[in-house]
Amino acid sequence: METQLDPMKDDLPLMANTSHMLVKHYILDLDVDFKSKVIEGIIVLFFETGSRYKKTSSTGKEGCQSQCDETCKIRASEPCHIPGTNVSACSSKTECNDFAVCGKGEEDTSDKNGNHSNKEQASGISNSKNCCDIENHGNKDFLLVLDCCDLSVLKVEEVDVAAVSGIEKFTRSAKLTGVSKELENLRNQIVHELVTLPADRWKEQLYYFTCCSQAPGCGELLFTTGTWSLEIRKSGIQTPTDFPHAIRIWYKTKPEGRSVTWTTDQSDRPCVYTMGSPINNRALFPCQEPPIALSTWQASVRTAAGFVVLMSGENSAEPVQLQEGILSWYYYVTMPMPASTFTIAVGCWQEVKQQSFTATVQTSTVFSLPSSQADFRWHEEICGHVEYPCRFQNPAARLQAVIPYRVFAPWCLMERCKECLLQLIPQCLSAAYITLGTHPFSRLDVLIVPSNFSSLGMASPHIIFLSQSVLPGGSHLCGTRLCHEIAHAWFGLAIGARDWTEEWLSEGFATFLEDIFWARAQQLSHDEVKGQQELKALLRWRRLRDEVQNSEEELQVLRPKKESTGELSESGASVVKHGLKAEKIFMQVHYLKGYFLLRSLARIIGEASYLASLRKFVHKFHGQLVLSQDFLCMLLEDIPEQKQSGLTVESIFQDWLDTSGIPKPLLEEGETWKECQLVQQVSGEVTKWIQTNQRIRRSSKKKRKQDEVVFQKLLPDQLVLLLETLLEEKTLCPRILQHLEKTYQLREQDAEVRHRWCELVVKHKYVPGYGDVETFLREDQAMGVYLYGELMVNEDAKQQELAHKCFAAAQEHMDASSAKVVAEMLF
């Protein structure tokens, strides 16, 4: 595999050598400092020997050599740090041949001398000699590679887990003394026994992980930081088997680090949160990013009193006062997940209270199980994932239609959350349970995040971030987005993509299921469901058509690596194709094409059979990583008659996943949704508006009494279609725009509707609506990016001034990808 990466390009490198060593558990001990905008602390990592080395002898030089050679191709080396000296850099000879190590008690000077500053070289490729070509009589030391970016690493050491009281129970031999080599093997044996404890001993396991994380160090390890990685070695250790399996790292984040954003909330209070960065969490803690590195974690986070720490942990943490003005929050997870799913949000969040959990469930939720109890027979089967305390094997969890939930928001948005969001959560959770069965996670926090959030929502284990944009304008947008994020608990989290380029496995499923969940949450009739879903399909078809016309072809392919999807290099390193492309974050092609593929399959198979297959897929693959063919093969095995009609995995790849543009099967279907009654109703209203516009334009300047035109009340999605259709008109006069806004109270509608209204305002240079555009760009940053482009393309001085004014006000706190895309439009 080609591994010579240029970090300035669009592909995201996953550097960790997971085939050699695989992290199984993290313990984080962190302090959050809002004054310096730094998160500082310690992380302890517990490893297992990777799959390539589990059966290899301790001399396995060949594998180590290839790994070292490969790492040297990728690494962007930096000046190293010598203990006990204050020089800012070593000589050029030392720089090539030695790794950085930080002295005990040494002050962190990384920001002053650049020793750990992750400065990128022009090409991002190291020009150093072989980075493993160190002492030990010409033999090569093993190199542990972690994903890391924008971090100041201060010190790395081996942890003496053998020093923990009571740890003898995890050794096959009671001897804790002996020669150095035996002691090293014993430490690794202890870690192995600890990480492989049975699931029913998870509490004991977490206790001993904590004890081990606090054990003394037994020797500093050599390290260096690169543009994308942290590389660690122990002199004389040549294989992963012999490398320390418990290491402790002291580090600091940087204020400009791209994994978290430091900003203020809507009440102007400071906060910091993980916002779903393209580089994931490698600028928050050194980790193994590849999805195969499924791990559990514990975290203690300290911050000033008055702040609330929310995380993607299983428990609802209660703060403990350590000293006056300082609180500590502790979270943990026992279900192994990729490091990218780790989420934190620290701010002055207020909990939006309800009367009682039980009362809300009873009054707001209708319980009913899927029509076929046989759909749940898979619960009785043994799970296919690695062992952990699984809810699918827990009888009480299997009957829990609504998991415990909490809502947090800035103080100024609490009332809005009470009015809408709080009542929707149990309805949506229950609808999801009716559709898919057991909730994979035991609880849910929902947080309204700051206005600089670049999406309408983001799901992580046990926590959902929602944009403030979903709150105004009734329950429709809030409900549909909530359903979308809840769907990710199954598709995207409990079942993850083995190759991150296959985003459709997460987003396509969530988009398809949001319609199913939302219809059930509203308890709509069959005809109402059919009408709303056909209207939604037409809107998504229009969006996909527009995106295909206005984006690069290579970004439209759902399986860009085709036959090599899921393949890794010898070390486990890989790349996420187009993972760093700024505009990709705003593209919806993987949502839309994935949705249409699943919709097409449901139509062919029949919805009841299809949903039964989805439940079977969930039970078979939860807790695991999948590729497209895992789902498609299982589905087609369930319906062998489809093979006779030519529907095969290969044909689906060819028509839907491996090509750009609109899939051929979809081209024929696009016209059918126009026959839907809800769409026909919109067509009638559009005709009235166009005729009224023509009459006004033809009339003389003298006011003539016009016949009163009666316009029908429309659903939010109908309003979106109405405004999109009117956008295709060359000219709409100001009186029509004024009448349009007044008739539908467009300023009071949800963000999807207001976005189309703003597009109409910009297109027709409707000056009385410029205030609406300014408000939208300020308060709905998750949706407003392309409005900047529309303001610029008209080449109207007032509109361009408005664009520059709004960007200047928002730029400081704007998401990095959004800011980059907008800057390219404006300058």
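J.: Hey, could you run me through the overall build of the protein chain in this one?
T.: From N to C terminus, the protein chain includes 25 helices and 24 strands. Of all 827 residues assigned to the protein chain, the portion counted as buried reaches 61%.

J.: I would appreciate a short explanation of the pattern of salt bridges in the present structure.
T.: The tally for this structure, following the rule as stated, stands at 36 salt bridges. For Glu289, the salt bridge identified is with Arg282, shortest N-O distance 3.8 Å. Judged by its relative accessible area of 0%, Glu289 falls in the buried class. Of the residues examined, Arg282 reaches a relative accessible area of 0% and is grouped as buried. Residue Asp658 is joined to Arg559 by a salt bridge in which the shortest nitrogen-to-oxygen separation is 2.8 Å. Here the residue Asp658 occupies a position in the loop between helix H16 (649-657) and helix H17 (664-669), and Arg559 occupies one in the loop between helix H11 (526-549) and strand S23 (574-576), the gap between them amounting to 99 residues. Like Arg559, Asp658 is buried.

J.: Is there a simple way to think about the packing of helix H13 (residues 607-621) against helix H14 (residues 628-638) in this case?
T.: Two measures define how a pair of helices packs: the angle their axes make with one another and the distance between the axes. Running from N to C, H13 and H14 cross one another at 130°; their axes reach a closest spacing of 10 Å. Regarding the angle of H13 to H14, the classification is oblique. Regarding H13 and H14, the two cross each other, and that crossing is right-handed. Contact residues: Tyr610, Ser613, Leu614, Lys616, Phe617 and Phe621 in H13; Asp630, Phe631, Met634, Leu635 and Asp638 in H14. The class makeup of the residues in the contact of H13 with H14 is 7 nonpolar, 1 polar and 3 charged.

J.: Teacher, can you tell me more about the sheet that holds strand S19 (residues 444-448) here?
T.: In a beta sheet, neighbouring strands pair by backbone hydrogen bonds and run either parallel or antiparallel. The strand order across the open sheet built from 5 strands is S17-S18-S19-S21-S20, with neighbouring strands paired in mixed fashion. In this open sheet, the two strands that pair with only one neighbour each are strand S17 (350-351) and strand S20 (457-460). Note: strand S18 (residues 405-409) against S19, 4 bridges, orientation parallel. Residue Tyr405 lies in a different strand from S19, and its bridge partner there is Leu444. Strands in contact with helix H8 (residues 414-436) are S17, S18, S19 and strand S21 (463-466); relative to S18, the strand with the most contacts, it is inclined by about 155°. This element, helix H9 (residues 476-487), spans S20 and S21 of the sheet and lies at about 145° to S21.

J.: Quick question: what am I supposed to make of the environment of Gln393 here?
T.: For Gln393, the position within the fold is in the loop between helix H6 (357-364) and helix H7 (395-398). Taking the C-alpha atoms as reference points, Gln393 and Cys383, separated by 10 residues in sequence, lie 8.0 Å from one another.

J.: What is the right way to read the packing of aromatic side chains from this model?
T.: In this description, a pair of aromatic rings is defined by centroid distance and the angle of the planes. Overall, the coordinates contain 30 aromatic pairs when judged by the stated rule. On the basis of an interplanar angle of 70° and a centroid distance of 6.0 Å, the ring pair of Trp757 and Tyr766 is categorised as edge-to-face. As far as burial versus exposure is concerned, Trp757 and Tyr766 are alike and both buried. Positioned above the aromatic ring of Tyr595 is the side chain of Arg540, whose terminal nitrogen or guanidinium carbon lies 4.4 Å from the ring centre.

J.: What am I meant to see in the sheet that holds strand S8 (residues 229-233) here?
T.: Read across the sheet, 3 strands follow the order S4-S8-S7 without closing on themselves; strand pairing throughout is antiparallel. In the strand order of this sheet, the two ends are held by strand S4 (144-147) and strand S7 (222-225), each with one partner. Each adjacent strand pair in this sheet contributes to an overall mean axis angle of 20°, direction not counted. In terms of strand pairing, S7 meets S8 through 4 bridges, oriented antiparallel. Across the sheet, residue Thr225 finds its bridge partner in S8, namely Leu230.

J.: How should I be thinking about the pairing of strand S15 (residues 326-337) in this particular structure?
T.: A regular strand carries its side chains on alternate faces of the sheet. Buried residues dominate S15, accounting for 10 of its 12 residues. Bridge count between strand S12 (residues 295-304) and S15: 9 bridges; the pairing is antiparallel. Its bridge partner lying in S15, Arg302 is registered against Ser328. In this structure, strand S14 (residues 320-323) lies alongside S15, joined through 3 bridges in antiparallel fashion. Bridging across to S15, Gln323 finds its partner in Ile326.

J.: Hey, could you run me through H9 in this one?
T.: Over its 12 residues, H9 extends 17 Å from the first C-alpha to the last, a length consistent with the 16 Å expected when each residue adds 1.5 Å. Of all 12 residues in H9, 12 are buried, a share of seventy percent or more.

J.: It is not clear to me how the packing of helix H18 (residues 677-698) against helix H20 (residues 734-744) should be interpreted in this structure. Could you clarify?
T.: Their axes nearest at 10 Å, the elements H18 and H20 cross at an angle of 145°. Like other packed secondary-structure pairs, H18 and H20 cross with a definite hand, here right-handed. In contact with Glu685, Trp689, Thr692, Asn693 and Ile696 of H18, H20 contributes Arg735, Ile736, His739, Leu740, Thr743 and Tyr744. For the contact of H18 with H20, the class distribution of residues is 5 nonpolar, 4 polar and 2 charged.

Conventions adopted
- Residues numbered from 1 in each chain as written.
- Predicted model: local features only at pLDDT ≥ 70, side-chain atom pairs only at ≥ 80, totals over all residues.
- Heavy atoms only, no water.
- Helix = DSSP H or I, 4+ residues; strand = E, 2+ residues; numbered from the N terminus.
- Buried < 20%, exposed > 50% of the residue type's maximum accessible area, 1.4 Å probe, protein only.
- Salt bridge = Lys/Arg side-chain N within 4 Å of Asp/Glu carboxyl O.
- Axes fitted to C-alpha atoms, helices over the stretch in contact; angles between N-to-C directions.
- Parallel < 35°, antiparallel > 145°, perpendicular 65-115°, else oblique.
- Left-handed = near helix turned anticlockwise from the far one by under 90°.
- Contact = heavy atoms within 4.5 Å.
- Nonpolar A, V, L, I, M, F, W, Y, C, P; charged D, E, K, R; others polar.
- Pairing = 2+ DSSP bridges.
- Phe/Tyr/Trp six-rings, centres within 6.5 Å; stacked < 30°, edge-to-face > 60°.
- Lys NZ or Arg CZ within 6 Å of the ring centre and 35° of its normal.
- Expected span 1.5 Å × (residues − 1).

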